[in-house]
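# Notes for the structure review
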Amino acid sequence: MRVAVVGTGTMGGMHARLLAGLPAVTEVLVVDADPERAALVARDTGARVVTEEGAIAEADALVVATPADLHATTVEAAVRRGLPTLCEKPLTDDLGTSARLVTLVEAAQAHVEIGFQRRHDAAFAEAQRRIASGETGRIHLVRLTALDPRVTPRPPSEFTPNDAAPLFLHSSVHDFDLARWLSGSEVVEVTAEGSRRDEERPADVRGVETAVVTMRLASGALAVLEATWLHPAGYDIRAEVVADRAHLSMGLGPRTPMSALDSDAAAPGAAWAGYLERFEPAYRAELEAFLAAARGERPPSSSVRDGHEALRIAIAATRSYAERRTVALAEI
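Parameters and conventions
- Residues numbered from 1 in each chain as written.
- Predicted model: local features only at pLDDT ≥ 70, side-chain atom pairs only at ≥ 80, totals over all residues.
- Heavy atoms only, no water.
- Buried < 20%, exposed > 50% of the residue type's maximum accessible area, 1.4 Å probe, protein only.
- Helix = DSSP H or I, 4+ residues; strand = E, 2+ residues; numbered from the N terminus.
- Pairing = 2+ DSSP bridges.
- Right-handed = clockwise from strand over helix to strand, strands pointing away.
- Core = buried A, V, L, I, M, F, W, Y, C linked by side-chain atoms within 4.5 Å.
- Contact = heavy atoms within 4.5 Å.
- Axes fitted to C-alpha atoms, helices over the stretch in contact; angles between N-to-C directions.
- Parallel < 35°, antiparallel > 145°, perpendicular 65-115°, else oblique.
- Nonpolar A, V, L, I, M, F, W, Y, C, P; charged D, E, K, R; others polar.
- Expected span 1.5 Å × (residues − 1).
- Arc of directions from axis to C-beta.
- Polar contact = N/O pair within 3.5 Å; in protein donor to acceptor, adjacent residues only side chain to side chain.
- Phe/Tyr/Trp six-rings, centres within 6.5 Å; stacked < 30°, edge-to-face > 60°.
- Lys NZ or Arg CZ within 6 Å of the ring centre and 35° of its normal.
- Salt bridge = Lys/Arg side-chain N within 4 Å of Asp/Glu carboxyl O.

### Quick notes on the pairing of strand S5 (residues 85–88)
Here S5 shows no split at all, with Thr-85 and Cys-87 on one side and Leu-86 and Glu-88 on the other all buried. In terms of strand pairing, strand S4 (residues 61–64) meets S5 through three bridges, oriented parallel. In the sheet register, Val-64 faces S5, and the bridge partner there is Cys-87. Each parallel crossover has a hand, and the one from S4 via helix H4 (residues 71–81) to S5 is right-handed. In this sheet, strand S6 (residues 112–115) lies alongside S5 in parallel orientation, the contact comprising four bridges. Across the sheet, residue Leu-86 finds its bridge partner in S6, namely Glu-113. Assessed by its sense of winding, the connection that carries the chain from S5 through helix H5 (residues 95–108) to S6 is right-handed.

### Focus: the nonpolar core
Ranked by size, the top nonpolar core spans 101 residues in total, and within it Leu-19, Phe-168, Phe-176, Val-190, Val-213, Met-215 and Leu-291 carry the most contacts. Among all residues touching Val-190, those that are not within four sequence positions of it are Val-213, Thr-214, Met-215, Ile-313, Ala-316, Ala-317, Ser-320, Arg-325, Thr-326, Val-327 and Leu-329.

### Description of the packing of H4 against H5
H5 packs onto H4 with a crossing angle of 10 degrees between their chain directions and a minimal axis gap of 11 Å. Classified by the angle between their axes, H4 and H5 sit roughly parallel to one another. Of the residues in H5, those touching H4 at Ala-72, Val-75, Glu-76 and Val-79 are Thr-97, Leu-101, Leu-104, Val-105 and Ala-108. Of the residues that constitute the contact of H4 with H5, the class distribution is seven nonpolar, one polar and one charged.

### Concerning H5
Over its 14 residues, H5 extends 20 Å from the first C-alpha to the last, a length consistent with the 20 Å expected when each residue adds 1.5 Å. Residues of H5 that are buried include every one of Thr-97, Ser-98, Leu-101, Val-102 and Val-105, and no others. Buried residues of H5, viewed axially, fall in a sector of 135 degrees; they line one side. Along H5, exposed side chains directed more than 90 degrees from the buried face belong to Arg-100, Thr-103 and Ala-107. Here H5 starts with a cap whose side-chain oxygen sits 3.3 Å from the backbone nitrogen of Gly-96, and that cap is Asp-94.

### As for the pairing of strand S11 (residues 236–243)
Counting buried residues in S11 gives seven out of eight residues, a clear majority hidden from the surface. One ladder, built from eight bridges, connects strand S7 (residues 139–149) with S11; its direction is antiparallel. Note that in S11 the partner of Thr-145 across the bridge is Arg-238. For S11 and strand S12 (residues 247–250), the ladder comprises four bridges, and the chain directions are antiparallel. Bridging from a neighbouring strand, Val-241 pairs with Leu-248 of S12. If you look at the hairpin formed by S11 and S12, you'll find three residues sitting between the two strands.

### Overview of the side chain of Glu-240
Among the secondary structure elements, Glu-240 is positioned in strand S11. Within the structure, Glu-240 has its side chain in polar contact with the side chain of His-247 (distance 2.6 Å). If we skip the residues at most four places from it in the chain, Glu-240 touches Leu-141, Val-142, Arg-143, His-247, Leu-248, Ser-249 and Met-250.

### Comments concerning the packing of aromatic side chains
Inspection of every chain in the model, using the stated rule, returns four aromatic pairs. Between the aromatic rings of Phe-168 and Phe-176, the centroid separation amounts to 6.3 Å while the plane-to-plane angle is 50 degrees, which identifies the pairing as tilted. Across the pair, Phe-176 and Phe-168 agree in class, each one buried. An aromatic cluster is built from Tyr-235, Tyr-275 and Phe-279, whose rings are joined through pairwise contacts. Above the plane of the ring of Tyr-321 lies Arg-201, whose end atom (NZ or CZ) is 4.0 Å from the centre. Positioned above the aromatic ring of Trp-272, the side-chain terminus of Arg-255 is 3.8 Å from the ring centre.

### Considering the pattern of salt bridges
One pass over the structure, following the stated rule, counts 32 salt bridges. Arg-48 is the partner of Glu-58 in a salt bridge, and the nearest nitrogen-oxygen pair spans 2.8 Å. Here Arg-48 lies in strand S3 (residues 48–49) and Glu-58 lies in helix H3 (residues 52–58), a separation of ten residues in the sequence. On the accessibility criterion, Glu-58 (29% relative accessible area) is partly exposed. Through salt bridges with shared partners, one network takes in Arg-119, Asp-177, Arg-180, Glu-186 and Asp-306.

In short, shape yes, function no, at least from these values alone.
Structure below.
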C-alpha cells in the first residue's frame with residue numbers, strides 16, 4: 001500500500017518512520033507546508049515529498065498529523081475521494097467544525113479513524129476485552145492518571161482561544177476517550193477543577209496546567225482523571241478499573257516514573273521520558289490495524305464520532321472549570 005502522511009512534525013515524522021518499516025507499505029509519501037522539514041523526514045525514512053493534492057490523488061491510505069485547526073480540510077478532501085484516513089487527535093479544535101465533519105463522514109459512510117493510540121496498547125486493549133466480555137462484572141470506578149513531564153511555562157495568551165482548554169484538548173482528550181472506551185458507557189456529567197504552577201486558580205482556563213476531572217457515566221459508574229503538565233520525573237500514563245469481580249491496572253510497571261516508599265517496593269528502572277517512547281508499540285499497532293481496516297480485513301478501531309464525543313467531554317470540562325459547576329454533556 002502507498003500511504004501518505006500530511007504533516008511532518010513530531011507526530012507526522014514518527015508515523016512516517018513507523019510506516020516505512022511495515023511490510024504492507026510499499027511507499028510513504030509526505031506532505032508539509034515547510035519544504036525543508038518534509039525533505040528531512042523524507043531523507044530519514046525513504047519517503048517521497050508530494051503536495052497535499054498529490055497525496056490525496058496517489059495514496060491508498062492517508063494519515064493526517066497537522067495542527068487540529070487544519071484537520072477538517074484534509075479529511076474532507078479524503079472523504080470526497082473515498083480514501084481511508086487516520087486523523088490524529090483531536091478531530092478538530094472546535095465543536096461546530098467537529099459536528100459538521102461527523103455529519104459529512106457518516107453520510108458518506110467514509111472510513112475515518114482517530115489517533116487514539118492507547119486503544120492499541122496491549123494492557124489497555126486486554127482490559128477493554130475483559131470488560132466487554134463481561135468477565136469483570138459491573139464497573140464502579142475508572143481511575144485515569146496522565147502526568148506529562150514538567151516543561152517551561154507558556155503564558156495563556158500564547159494558546160489560541162478554543163472551545164476546550166489546551167490541557168483538556170491536547171492531552172486529556174485521550175483520557176476522555178478511554179473513559180468511554182474502557183467502560184462501554186457514555187459520560188453524562190463532568191466536574192473539573194484546575195491550577196497552575198504558581199497560581200492557585202488561573203482566571204484564564206488556558207492557563208490550567210494541573211486538573212482533576214470527575215465524570216459520571218450513564219451506567220452509574222464514576223471516572224476520575226488526575227492530569228498535570230508538571231510531573232518532575234518523566235511521563236506517566238496509567239489507568240485502573242474497579243469492578244464487581246476484578247481490579248485491573250494498566251501502565252504501572254518498572255518504568256513508571258515515581259518513587260515507591262514501601263520497604264518491599266522494587267526500585268524503578270529507566271523512567272519513560274515521553275509519549276513517543278512509551279507508546280511506540282501502540283502507535284505501530286495502531287497503524288497496522290488501520291491499514292488492515294483499509295484493506296477490509298477488520299473493522300475500524302475508532303470513528304469520527306469517538307473523536308467528537310471526546311471533544312465534547314473536553315469542552316464540558318472547560319466550561320465546568322470556568323463556571324465552577326457540574327456540566328451535563330447534554331449542554332454541549
